[in-house]
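So the chains spell out like this:
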Amino acid sequence: MATSTTWLLRPLQERSTQLFLGILTAALAVVTILHLAMPEDSALHVSAYTVTLLGKYLCYALLAVAVDLVWGYLGILSLGHGAFFALGGYAMGMYLMRQIGDRGTYGDPVLPDFMVFLNWDSLPWYWHGFDMAWFAFAMVLLVPGALAFVFGYLAFRSRVTGVYLSIITQALTFALMLAFFRNEMGFGGNNGLTDFRDILGFNLRTDATRLGLFIATGIALAIGYVICRGIVTSKLGRVSIACRDAEARTRFLGYRVERVQLFVFVVSAMLAGVAGALYVPQVGIINPSEFSPLFSIEVVVWVALGGRATLYGAVIGALLVNYAKTVFTGVMPDAWLFALGGLFVLVTVFLPKGIAGLLQKRRKAPEKDRSNPQEATA
Amino acid sequence: MSIIRRSLTSLLIALACLVSVPAMAQEDPGKALLVNLAEAPSSRVEEAINAIVDSGDERARGWLEAYGNNRLSRIKDTGQVVLVLNNRGRDWEIADPLTGENLGEMSRRKLDRVAINNAIRGKLEGIMAMLDLNAADPDVREASARDMMGKVDAALVAPLEARLEKEESAAVRDRIEAALAIYRVEQGDIEAVEVLAGSLHSRARAALNNAAASDNSQLAEAANKALASIEQKLKLNKAAETLYFGLSMGSVLVLAAIGLAITFGVMGVINMAHGELIMLGAYTTWGVQQLLPGQPGLALLLSIPAGFLVAAIAGIIIERSVIQHLKGRPLETLLATFGISLILQQLVRTVISPQNRTVVTPEWMSGSLVINDALSLTLNRLYVMAFALIVFAALMMIMRRTRLGLDVRAVTQNRAMARSMGIKATKVDILTFALGSGVAGLAGVALSQLTNVGPNLGQNYIIDSFMVVVFGGVGNLWGTLIAGLSLGTINQLLEPWAGAVLAKIIVLVFIILFIQKRPKGLFPQKGRAAEN
Amino acid sequence: MSIKKHVKVGLSALALSVSMHSVAAEDPIKVGILHSLSGTMAISETVLKDTVEMLIEQQNEKGGVLGRELEAVVVDPASDWPLFAEKARELLAQEEVDVIFGNWTSVSRKSVLPVVEELNGLLFYPVQYEGEESSENVFYTGAAPNQQAIPAVNYLKDEIGVERWVLAGTDYVYPRTTNKILETYLKDQGVADEDIMVNYTPFGHSDWQNIVSDIKSFGSAGKKTAVVSTINGDANVPFYRELGNQGISASDIPVVAFSVGEQELSGIDTGPLVGHLAAWNYFMSVDTDANWDFIDAWIDYKGDDTVVTNDPMEAHYIGFNMYIEAVKKAGTTDVDEVKDAIIGVSVPNLTGGYATMMPNHHITKPVLIGEIQDNGQFSVVWETPSTVAGDAWSDFLPGSRDMIADWRKPMFCGTFNTATGSCGASSGEMAAEAE
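Please read all numbers here as calculations on a predicted model, not as lab measurements. (Residues numbered from 1 in each chain as written. Chains lettered and ligands numbered in written order. Predicted model: local features only at pLDDT ≥ 70, side-chain atom pairs only at ≥ 80, totals over all residues. Heavy atoms only, no water.)

Chemist: Report on the overall build of chain B, specifying residues and quantitative values.
Modeler: Counting its regular elements, chain B contains 21 helices and seven strands. Considering only C-alpha atoms, chain B reaches an extent of 90 × 60 × 35 Å along its principal axes. Burial analysis of chain B (532 residues in total) assigns 54% to the buried set. Intrachain contacts of chain B at a sequence separation of at least 6 include 65% that bridge at least 24 residues. Accessible surface, chain B: about 22800 Å² in total, of which carbon and sulfur atoms supply 59%. For chain B, the separation between the mean place of its 51 positive charges and that of its 47 negative charges on side chains is 16 Å. (Helix = DSSP H or I, 4+ residues; strand = E, 2+ residues; numbered from the N terminus. Buried < 20%, exposed > 50% of the residue type's maximum accessible area, 1.4 Å probe, protein only. Contact = heavy atoms within 4.5 Å. Areas by Shrake-Rupley, 256 points an atom, 1.4 Å probe, with all protein chains shown as cover. Lys, Arg positive; Asp, Glu negative; His and termini not counted. Charge placed at Lys NZ, Arg CZ, Asp CG, Glu CD.)

Given below as structure tokens:
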């Protein structure tokens, strides 16, 4: 971590990262062109609906990358990353709510509709500042980051590991879900935040804004990926892999294991927060169900399917599972849970390295002797 | 349901006996009475009921009970009043209320229910309690006298006083006096306040509260004094009640978690499908009840072994097909078993129904054990509590006293060493997992008496179960017991002032913080096995 | 390179699969059905999907409408709220349906609302809800609070003589709003603060010991007490069980529920509940020929003698028939024309009267109070003398006291403020967007 630029630039020289960024850029460009240039009745036209759908997938992909960072490279199976995702989403949602201004149903210039509805007479203190974009965007990073810091500080300091850590991350997100369901909390309870209008002055209900959000998500995913690659290829990353494989030994070698864990955990939480923030304007609602433990476990399965500790595998897993979900819930809704459940079982039993493992195996066959140490971890 | 069915059957038997009396020459007077009731406008229903009571007809009680249970109907075409024996589905089974003769089935479209509402039902309960006051069994008399409390009106005073004269049982006398006193306090009688002074009964308190708010200052003063004496006792009872609530909730948690304590604690398998194994137990109860209609109690008892077996077999299938391939990868068992839980849930939705299933509570489990008028322990929870303790004791026995338990402990502590001593580790794995799963099934049988039996049943308990096991210390059954009971109690103590949601959140945060302080739970496992 | 190939193939497959749909023929009238078929809400919503499918089948047997067949387009939003918005967009933008029947929970409706408004669709919402909403594109065929809660409270107050009230609900918007409205209403009627107890519990709450015990002691203060329950879904079974076991009978403390219908009772042993109440606009036990015919058709459709019907099903029945009538009247399925035509349309309901679509997009309904019977049915003990028109904006909430909705031109506004005489900013803009 000598100079901040070197660790961030190093991944850009890697072939795998270049490849990933190349594909991502190409995909963004293709979708944009097909959406804008093709006539609506053409078979190749990508509709605004599809653009938003793809934007949502990319948000999930970023979340999966964040989970892979802690699970794949730090050995922490977080069953509560949905909490950071949702907190980022709520921060963004609060900004979007304030942007509605007096265009809400009751026309109150300050209070969101649900507060008027429940007879609140003033804005709770924690809603202040969210009318300013810079503040809200800062909170998207800071709130999940701070929660991860406090939680991680307590947990790593007292060396809570393995299963215990997984279970208490689950408890964390479950407790937050219950809390956000409470209407007294001032986050809209079960209805959550919805009916958004503008973001940074752009009307959310236009196709151009949707395309913009989609591209922004793509860029965020690219940056998040590069940051994660940067971390895992840096010295810090190697220490964290050491923690994953033999925590006690790393500690005995003189590394401050808990600091490494804390740093990576907080970065991962912030990335999840960004993913949540980009997710909310695209789907148009944030509600406590994003905190549900089930969602967090599902994210872990995306990573497992794609291939743990590869980062790009996480992206593939997220895209694949969510695309399958879209198709299945349309075509045969009853079969969806069977398919998802079966996927969980098959991947863990037969495909411990996920799809990325399959890809690597195929690549490994021709070039027998592979001695690149970076590839070994990837 | 079952109560009504039984009372209807007894009515029919009684009727059948009466029919043999050859009094059928002239028109049965009962017919007119029933038609009168069925056709009375709401303002005259009471009159019609009184007419039935006053007729002294032996069938009166049965008719009124059927009426109170919505079982009297009128055939639209003929105006005949009939008794509905089975009111489910499209066609209803009916019988003649006069003779008890079964009239077969009739489309529900052709029947018109004899209307009743809560006000009339309340009156009816009073009248029937009055009729029951003449019963031979003093327990029945006491119960009916208790029902009379708060239901006495001017018309009932004289017969009650007459009954009081004749009554021999002291307990029944006390009840009747209290019932009369409530009426008198309502009428402004100061002396009657004295009678109610020690009573914890809610209706007595209601009467006193009313009196305390009255304009009559003397009466108000006396009532306040009586209330103050009650207040103290009430607080004590309230505390006992909260403790009971806590222990009862705790025992539910223990039941739900104890199977997990075995699979997770002893075997190291994070079984996210545990909740669905509980669900299977509950569905087994439903299934057995379907097979034995009309005998919910027997069915429930049979469900205990059946639920254990079904869940244990499911457990063995899960172990053989999935978990054995994931030895030593605990976090991955979590993912795989989570997949299994989704599959099981959807399976139940597809094969049985997405709707909740009705599990009937047997009569001996409904109602409550009355300690005093302010404190009564709900029977279903009492049984569940006892059941939890029995299951716990049995498990302790198995783990401590049997060969299986010894093997399990050996394999847990050092797998390689145990195998070299000739223990078949694979077999032990299967049996342990089957045991843990079977216990989950038992929990399901118990939960079917407390909550919904539906596809989501398991999900509601899985997180709580993990919290209990982790809090208690993995691999320690005593830890699970104490953790479950204490978490339940804390939750119920917090609930009155924090509200249900906040109480739950506080408990969760407490567990998170507690794990920071003691990462291995209340009773950490000691020794070398604990290191990994 | 193989990754690239995979991604490319996946993307083009996605693009293809999505755009293929829109080439479908224009001829049949497409009816979108947006009800959860999986997840937690599947319990309630699956039957509504079946209801609409049955109604479509019946209509097609009658020769469709305007000489066109009707065709159901079913999607599964899986009880996932963002997915509701996504699927609504799929229905409107990709499938180009003419009308949508769907949603159960408030949050799903709120999630779908911006989409339906943006793409100018038609949505029929069949469930009783908290009110405080009137959208140009949504038709509310379920009850507003003044069509359920207030008449029920009036019944308890006037007929049963209740003076003390427990307002118990699940902690979400519908109970919160309903209870707010009831609190204001009761206080206006002279009920003192200490005679009202409000309690909220989380979804799926299963341990009711403490709360039922509190209700019991609250009820022993000497005044007739009743519980007004907006407890939702699964939490009801343990609640009623606990009531029964703690010895609270309907004649002591009656519970009147707004979310417990025949469907919910089919999962409960109703023996101990006999006499507790529910307020709805329809009960399966209502004795009219239209109702029995509907039930028989439903039984035949499902092939099961024991299936039940419930209030939201009737709401879909009414909504569907209103849509058909409006299409006939307009002579087209064009959304804007149907929207204009449907106001004032009257169709028979199943309880022996007529339902009329009001200018505020709510309908007229009778209010029935029923007592639970031991067979899981309700027996009607009281009903309003005439139908009640749904109020989009409650008169008992300070924020909406002065608001009305009227979607007839020239007012054409969902949030008209009678105090200021102007239309709220939001809907003006909405209308502009829709044009």
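Chemist: Break down the packing of aromatic side chains for me, with residues and values.
Modeler: Scanning all chains against the criterion turns up 51 aromatic pairs over all chains. On the basis of an interplanar angle of 15 degrees and a centroid distance of 3.8 Å, the ring pair of A:Phe20 and A:Tyr225 is categorised as stacked. Here A:Phe20, found in helix H2 (residues 15–37), pairs with A:Tyr225, found in helix H8 (residues 207–233); they are 205 residues apart in sequence, far enough to count as distant. With a centroid separation of 5.1 Å and an interplanar angle of 10 degrees, the aromatic rings of C:Tyr129 and C:Tyr140 are classed as stacked. You can see C:Tyr129 sitting in the loop between strand S4 (123–125) and strand S5 (138–140) and its partner C:Tyr140 sitting in strand S5, a full eleven residues away along the chain. Both residues of the pair, C:Tyr129 and C:Tyr140, count as buried. An aromatic cluster of at least three residues, connected via ring pairs, comprises A:Tyr90, A:Phe114, A:Trp125, A:Tyr126, A:Trp127, A:Phe180, A:Phe187 and A:Phe291. (Phe/Tyr/Trp six-rings, centres within 6.5 Å; stacked < 30°, edge-to-face > 60°.)

Chemist: Talk me through the interface of chain C and chain B; I want residue IDs and the actual numbers.
Modeler: On the chain B side, the residues contacting the 59 residues of chain C number 64 residues. Between the two partners, chain C and chain B, sit twelve salt bridges. A salt bridge links B:Lys76 to C:Asp287; the shortest N-O distance between them is 2.8 Å. Taken together, the elements giving at least two residues each to the side of chain C that touches chain B come down to helix H2 (42–61), helix H7 (209–218), helix H8 (236–245), helix H10 (289–302), strand S14 (368–372) and strand S15 (378–383) of chain C. Among the elements that make up the side of chain C that touches chain B, the one with the highest residue count is H10(C) (seven residues). Residue composition of the side of chain C that touches chain B, by class: 20 nonpolar, 22 polar and 17 charged. (Salt bridge = Lys/Arg side-chain N within 4 Å of Asp/Glu carboxyl O. Nonpolar A, V, L, I, M, F, W, Y, C, P; charged D, E, K, R; others polar.)

Chemist: Account for the sheet that holds strand S17 (residues 403–406) of chain C, with residues named and values stated.
Modeler: All names here are of chain C. Read across the open sheet, the three strands follow the order S17-S18-S19; overall the sheet is antiparallel. Of all the strands in the sheet, the pair left with one neighbour each is S17 and strand S19 (422–423). The pairing of strand S18 (residues 413–417) with S19 spans two bridges and is antiparallel. By the bridge assignment, Phe 416 is partnered in S19 with Cys 423. (Pairing = 2+ DSSP bridges.)

Chemist: Hey, could you go over the interface of chain B and chain A for me, with residue numbers and the actual values?
Modeler: Counting from both sides, the interface comprises 39 residues of chain B and, opposite them, 40 residues of chain A. Between chain B and chain A lies a buried interface of about 3600 Å² when both sides are counted; carbon and sulfur atoms form 82% of it. Three residues, B:Leu331, B:Leu335 and B:Gln516, lead the burial of chain B against chain A; their summed loss comes to 18% of the area buried on that side. Applying the counting criterion to the chain B and chain A interface returns zero salt bridges. On inspection of chain B and its partner chain A, the count reaches two residue pairs in polar contact (both at pLDDT 80 or more). Breaking the side of chain B that touches chain A down by element, the ones donating at least two residues are helix H14 (330–351), helix H19 (459–472) and helix H21 (500–517) of chain B. Ranked by the residues each element gives to the side of chain B that touches chain A, the list is headed by H14(B), at 15 residues. Here the residues of the side of chain B that touches chain A are counted per class, giving 28 nonpolar, six polar and five charged. (Buried area = accessible area lost by both parts, 1.4 Å probe. Polar contact = N/O pair within 3.5 Å; in protein donor to acceptor, adjacent residues only side chain to side chain.)

Chemist: Can you tell me about a nonpolar patch on the surface, naming the residues and giving the values?
Modeler: On the surface, A:Phe149, A:Val150 and A:Tyr153 cluster together into a nonpolar patch covering about 300 Å² of accessible area. Considering the arrangement of structural elements, one finds A:Tyr153 in helix H6 (residues 133–157). (Patch = residues over 30% accessible without salt bridge, like charges linked within 9 Å, V, L, I, M, F, W, Y side chains within 5 Å.)

Chemist: Can you break down the environment of B:Gly79 residue by residue, with the values?
Modeler: Residues and elements named next belong to chain B. With respect to the element layout, Gly 79 can be found in the loop between strand S1 (72–75) and strand S2 (81–86). With 32 residues separating them along the chain, Gly 79 and Leu 111 place their C-alpha atoms 9.5 Å apart. Those residues in contact with Gly 79 that sit more than four places away from it in its chain are Val 35 and Arg 74.

Chemist: Explain the packing of helix H12 (residues 274–291) of chain B against helix H13 (residues 296–321) of chain B to me, and be specific about the residues and the numbers.
Modeler: Residues and elements named next belong to chain B. It is at 7 Å that the axes of H12 and H13 come closest, and there the two elements cross at 140 degrees. With respect to each other, H12 and H13 are oriented oblique. Considering only the axes of H12 and H13, their crossing is right-handed. Residues Leu 277, Leu 280, Gly 281, Thr 284, Thr 285, Val 288 and Gln 289 of H12 touch H13, and the partners they reach there are Pro 296, Ala 299, Leu 300, Leu 302, Ser 303, Ala 306, Gly 307, Val 310, Ala 311, Ala 314, Gly 315 and Ile 318. (Axes fitted to C-alpha atoms, helices over the stretch in contact; angles between N-to-C directions. Parallel < 35°, antiparallel > 145°, perpendicular 65-115°, else oblique. Left-handed = near helix turned anticlockwise from the far one by under 90°.)

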